[in-house]
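Descriptive analysis of the structure
Given next are the chains, with one letter for each unit.
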Amino acid sequence: MKLKGWGGYPIHETKITTPYFTSDIIKLIKEDELIARGNGRSYGDSAIGKINTISMKNFNKIISFDMNSGQLVAEAGVLLEDIIKLFLPKGWFPFVTPGSKYVTLGGMAAADVHGKNHHKDGNFSKYVNWIDLICEDGSIKRCSNKENTNLFNWSLGGMGLTGIILNVSIQLKKIETSWIKQNTLVAKNLDDTIDIFEKNMDYTYSVAWIDCLKKGSSMGRSLVYLGEHAKICDLSNKEIKSPLKVYKKYKKSIPFNLPKWVMNQSLVSIFNSAFYLIGKLKKKNNLIDWDSFFYPLDSIIGWNKIYGKKGFIQFQCVIPIDKSTEGLKNLLRCLADSDVGSFLSVLKRFGKDESKFSFPMEGYTLALDFPNNKKTLDLIKKLDEITIKYGGRFYLAKDSRISAKIFNKSDSRIEKFLSFREKNNLIKKFKSTQSNRLEI
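Reference entry: report on the structure contained in this document. (Residues numbered from 1 in each chain as written. Predicted model: local features only at pLDDT ≥ 70, side-chain atom pairs only at ≥ 80, totals over all residues. Heavy atoms only, no water.)

A few points about the overall build of the chain
The secondary structure content of the chain amounts to 13 helices and 21 strands. Taken over the C-alpha trace, the chain has a radius of gyration of 21 Å; the compact-globule value for 440 residues is 22 Å, and the two agree within 12%. Over its C-alpha atoms, taken along the principal directions, the chain stretches across nearly 60 × 55 × 45 Å. Per-residue burial over the chain gives 59% buried out of 440 residues. Once local pairs closer than 6 in sequence are excluded, the contacts in the chain between residues at least 24 apart make up 75%. Computed over 68 positive and 45 negative side-chain charges, the separation of the two mean positions in the chain equals 5 Å. (Helix = DSSP H or I, 4+ residues; strand = E, 2+ residues; numbered from the N terminus. Rg over C-alpha atoms; globule rule 2.2 N^0.38 Å. Buried < 20%, exposed > 50% of the residue type's maximum accessible area, 1.4 Å probe, protein only. Contact = heavy atoms within 4.5 Å. Lys, Arg positive; Asp, Glu negative; His and termini not counted. Charge placed at Lys NZ, Arg CZ, Asp CG, Glu CD.)

Some words on the nonpolar core
In this structure, Phe124, Ile131, Ile164, Phe315, Leu331, Leu347 and Phe370 are the most contacted members of the largest nonpolar core, which totals 111 residues. A total of six residues in this core trace back to one element, the largest contributor, which is strand 11 (residues 164–174). Discounting residues that sit within four places of it in the chain, Ile164 has contacts with Ile25, Ile29, Leu34, Ala36, Ile54, Met56, Asp132, Leu133, Ile134 and Phe430. (Core = buried A, V, L, I, M, F, W, Y, C linked by side-chain atoms within 4.5 Å.)

What to know about the side chain of Lys398
Relative to the helices and strands, Lys398 is located in the loop between strand 21 (393–394) and helix 11 (404–410). For the buried Lys398, no salt bridge is present, and the opposite-charge side chain at shortest range is Asp369, 6.6 Å distant. Here Gln314 takes part through its side chain, which lies 2.9 Å from a polar atom of the side chain of Lys398. The residues touching Lys398, leaving out its near neighbours within four places in the chain, are Tyr43, Gln314 and Gln316. (Salt bridge = Lys/Arg side-chain N within 4 Å of Asp/Glu carboxyl O. Polar contact = N/O pair within 3.5 Å; in protein donor to acceptor, adjacent residues only side chain to side chain.)

Comments concerning the packing of helix 9 (residues 324–337) against helix 10 (residues 374–389)
Viewed as axis vectors pointing N to C, helix 9 and helix 10 meet at an angle of 165°, and their least axial separation amounts to 10 Å. Classified by the interaxial angle, the pair formed by helix 9 and helix 10 is roughly antiparallel. Relative to helix 10, helix 9 is oriented so that their crossing is right-handed. Facing Gly327, Asn330, Leu331, Cys334 and Leu335 of helix 9, the residues of helix 10 in contact are Leu379, Lys382, Leu383, Ile386 and Thr387. (Axes fitted to C-alpha atoms, helices over the stretch in contact; angles between N-to-C directions. Parallel < 35°, antiparallel > 145°, perpendicular 65-115°, else oblique. Left-handed = near helix turned anticlockwise from the far one by under 90°.)

So, the pairing of strand 14 (residues 222–229)
Within strand 14, seven of the eight residues are buried, leaving the element largely enclosed by the surrounding structure. Relative to strand 14, strand 12 (residues 179–187) runs antiparallel, the two being bridged by eight bridges. Across the sheet, residue Asn183 finds its bridge partner in strand 14, namely Leu226. (Pairing = 2+ DSSP bridges.)

Details of the sheet that holds strand 20 (residues 363–371)
Taken together, the eight strands give an open sheet; going across it, the order is 16-12-14-13-19-20-18-21, and neighbouring strands pair in antiparallel fashion. Both edges of this open sheet fall to strand 16 (285–289) and strand 21, since each of them pairs with a single strand only. Here two bridges tie strand 13 (residues 205–210) to strand 19 (residues 345–350), and the two strands are oriented antiparallel to one another. Each bridged residue has a counterpart across the sheet, and for Trp209 the counterpart in strand 19 is Val346. Contacting strand 13, strand 18 (312–320), strand 19 and strand 20, helix 9 runs over the sheet at an angle of about 10° to strand 20.

Focus: the sheet that holds strand 3 (residues 15–17)
Taken together, three strands build an open sheet; the order of strands is 3-5-4 and the sheet is parallel. Strands at the two margins of the open sheet, each flanked by one partner only, are strand 3 and strand 4 (35–37). Averaged over all pairs of adjacent strands, the angle between strand axes in this sheet comes to 35°, irrespective of strand direction. Note: strand 3 against strand 5 (residues 52–55), three bridges, orientation parallel. Following the sheet pairing, Thr17 is matched in strand 5 by Ile54.

A look at the pairing of strand 13
Among the six residues in strand 13, six count as buried, and that is most of the element. On strand 13, burial covers both faces: Tyr205, Val207 and Trp209 on one face and Ser206, Ala208 and Ile210 on the other are all buried.

Here you go:
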């Protein structure tokens, strides 16, 4: 059957197998090459196998939870949404969460996801106690910082190319309420934006929406959102009665693919101006529910359909801290000079990172969403070259089209990852269409 990622591009023909038992997966590993797939929320083709794609949706059980320590053990197919709904009312929340709660625990580990708090709390892998990994020979290995350490480190961020993650143990964070204290700061340009980030490194969460189409002195103007988990003393008399309540929210839905003219530069420019103005006028300090703060796009079912039937492409890079300002200015200048608009443009600050093969490095990461068409692809090639020029690299969980040549230029760790895969006979067993394209 034809299979695609959340971005809707590319589309590949593959066989999908949905096993019920671990023994079924072991049998499939011995038969042919494959890759595991969670909930299909990686944007490109990192969870699509050329020969066989193994859906982990039946491996969706919570195994255990320690209410005293916050240690959770669950199968790889468990959704982050289910973890939050079950444990937030008990006063526990993930240390690190990506921008969607509709991802699986195994997918979070394989991509080693980051959140709005990387500058302070690091990657998801920092809070993984151990994983159970089904290896190329069908054996199941417990991997952690104490046993099978090398395999553990390469698997977190290894995009499923070291084996199939079966079970995961993670550490949750103790919180007092389900609310976030949000502070919105208005930045007039990119220099101002970066200055706000750097002056507010003590905040747990920080993220900026950027108006990517502005030029001149307003280039990179943004709304910077800072956040902290609210404490009981921060709540009103109404909220304090149920401080950890998970409220059911009404969700909007986009039932069909929108026409391609919706995403033209003129409309995106109008939207950006309106969004920036509203942000300037809104109350700057307020309480916001956890869902709205962490997962604003999840409130729109099928939001990927706004880009039309050809789907969309996300470009996400990170530029090292010493070159961030200059590199980001060149990226934004290239974007503003094109006739392609990014509807969603997000900037985050990364802290230091020492993981084996994960995306972050200390610096700034810029994420841009574009409708899939020839103009977009031509533009992104230019953005690729700028990223390489400033020593940046790319996020594989969002990638759908980077060439092997560009990818190899972006990351000096690729050779070591390939060497590990070859030494442990992993290349013939665990492959995605992305890994084939990137030659890893």
